[in-house]
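Chain residues, written in single-letter form:
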Amino acid sequence: MIILLSLALVPVFALLIYIYRKDSKNPEPISMLVKALIFGALSCFVSLVFTSMQDEIPAEEMDQLDAIIDAFTGAALPEEFAKLLMLWLLVRKSKYFDQPMDAIVYAACVSLGFAGLENIFYLIDSPDIFSTGILRGLTSVPAHFCFAVSMGYFYALAHFGQKLKLWYKLLTYFVPVILHGIYDALLSVTDDDYFFIILIIWILFCWRMYSMALKRINKLKEVTVD
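Along each chain, the written sequence defines residue order, and numbers are assigned to residues from 1. Under the rules for a predicted model, residues below a pLDDT of 70 receive no local features and side-chain atom pairs below 80 are neither given nor counted, while totals for whole chains, interfaces and linings still include all residues. Side-chain metrics in this entry use all non-hydrogen atoms of the structure; hydrogen atoms and water are not considered.

**Details of the overall build of the protein chain**
(1) Moving on: Secondary structure counts use DSSP, requiring at least four H or I residues in a row for a helix and at least two E residues in a row for a strand, with both numbered from the N terminus. Each helix and strand in the protein chain was counted, giving 8 helices and 0 strands.
(2) Moving on: Against the 2.2 N^0.38 benchmark of 17 Å for 226 residues, the protein chain shows a C-alpha radius of gyration of 17 Å, consistent with a compact globule.
(3) Moving on: Dimensions of the protein chain along its principal axes, counting C-alpha atoms only, are 55 × 45 × 35 Å.
(4) Moving on: Only protein chains enter the accessibility calculation, which uses a 1.4 Å probe; a residue is then buried when its area is under 20% of its type maximum, exposed when over 50%, and partly exposed in between. Split into buried and exposed, the 226 residues of the protein chain put 48% on the buried side. Just to be clear, the radius of gyration here is over C-alpha atoms, and the globule rule we use is 2.2 Å times residues to the power 0.38.

**Topic: helix 5 (residues 129-138)**
(1) Moving on: Those residues of helix 5 lying buried are Thr 132, Gly 133, Arg 136 and Gly 137. For helix 5, the arc enclosing every buried residue in end-on projection is 125°, short of the 170-degree limit, so these residues lie on one face. Of the exposed residues in helix 5, the ones pointing more than 90 degrees away from its buried face are Leu 135 and Leu 138.
(2) Moving on: In this analysis, two residues are considered to be in contact whenever any of their non-hydrogen atoms come within 4.5 Å of each other. If you follow the buried residues of helix 5, they end up packed against helix 1 (2-22), helix 4 (100-125) and helix 6 (140-160). Think of the arc as the fan of directions from the helix axis to the C-beta atoms.

**Overview of the pattern of salt bridges**
(1) Moving on: For this document, the term salt bridge refers to a Lys or Arg side-chain nitrogen within 4 Å of an Asp or Glu carboxyl oxygen. In total, this model carries 3 salt bridges according to the counting rule given.
(2) Moving on: The salt bridge partner of Lys 25 is Glu 222, with a shortest N-O separation of 3.2 Å. Residue Lys 25 is located in the loop between helix 1 and helix 2 (30-52), and its partner Glu 222 is located in the segment after helix 8 (195-221); the two are separated by 197 residues in the primary sequence.
(3) Moving on: Residue classification places Lys 25 among the exposed positions, given a relative accessible area of 63%.

**Topic: a nonpolar patch on the surface**
(1) Moving on: Like charges within 9 Å and nonpolar side chains (Val, Leu, Ile, Met, Phe, Trp, Tyr) within 5 Å are joined into patches, using only residues over 30% in relative accessible area that form no salt bridge. Throughout, the Shrake-Rupley method with a 1.4 Å probe supplies accessible areas, and for residues the shown protein chains are the sole cover considered. A surface patch of nonpolar side chains, amounting to about 820 Å² of accessible area, comprises Tyr 20, Ile 30, Val 34, Ile 38, Leu 42, Phe 45, Leu 48, Phe 121 and Ile 124.
(2) Moving on: Within the element layout of this structure, Ile 30 appears in helix 2.
(3) Moving on: Exposure remark for Ile 30: the relative accessible area of 53% places this residue in the exposed category.

The following block contains the structure:
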């Protein structure tokens, strides 16, 4: 169990330390970050409520188009909604939510709480926890982190900005959904004829997503509200 938890949670804590250090000018209370992680873990169960309402197609009956659609409707839409709901509940009345960078920090913590619990579930069901844990630690956890950075970035623009508030509120949800959906959709392509092409596209997509996340973090960490 210790090995399983280590494989599931070490990448989560590595990214937590990273985002906490990025907010060194005005760091958030540890108690709030722990609360955000707990809210993120709870968002796993919230998303399951929505997915349980959908008509599930058995894996053996799912064609390529079904798999791509499921990447959005079965994962991206409910999971990002659950995380956004928890982020809103966390910060809506918090006195600590007073700087734009805070939105990214809290969104990242919520998303990493989700990713950590999701990792544990995956590893419990995996016949090879080492390969699954390492693979998810290098791909899935950073991806959830990037989805969260986009969510937090637009949440900050909607909350602290003076213009286009409605537009930014929409982007707060739909940009992470699009990133998440494309990420999962590319992984769902199983056609051997296009495997290497899709793999290259997926790698380029991830690289672009990671670089944009870093740019958004660096941009907001320099912005302060008096």
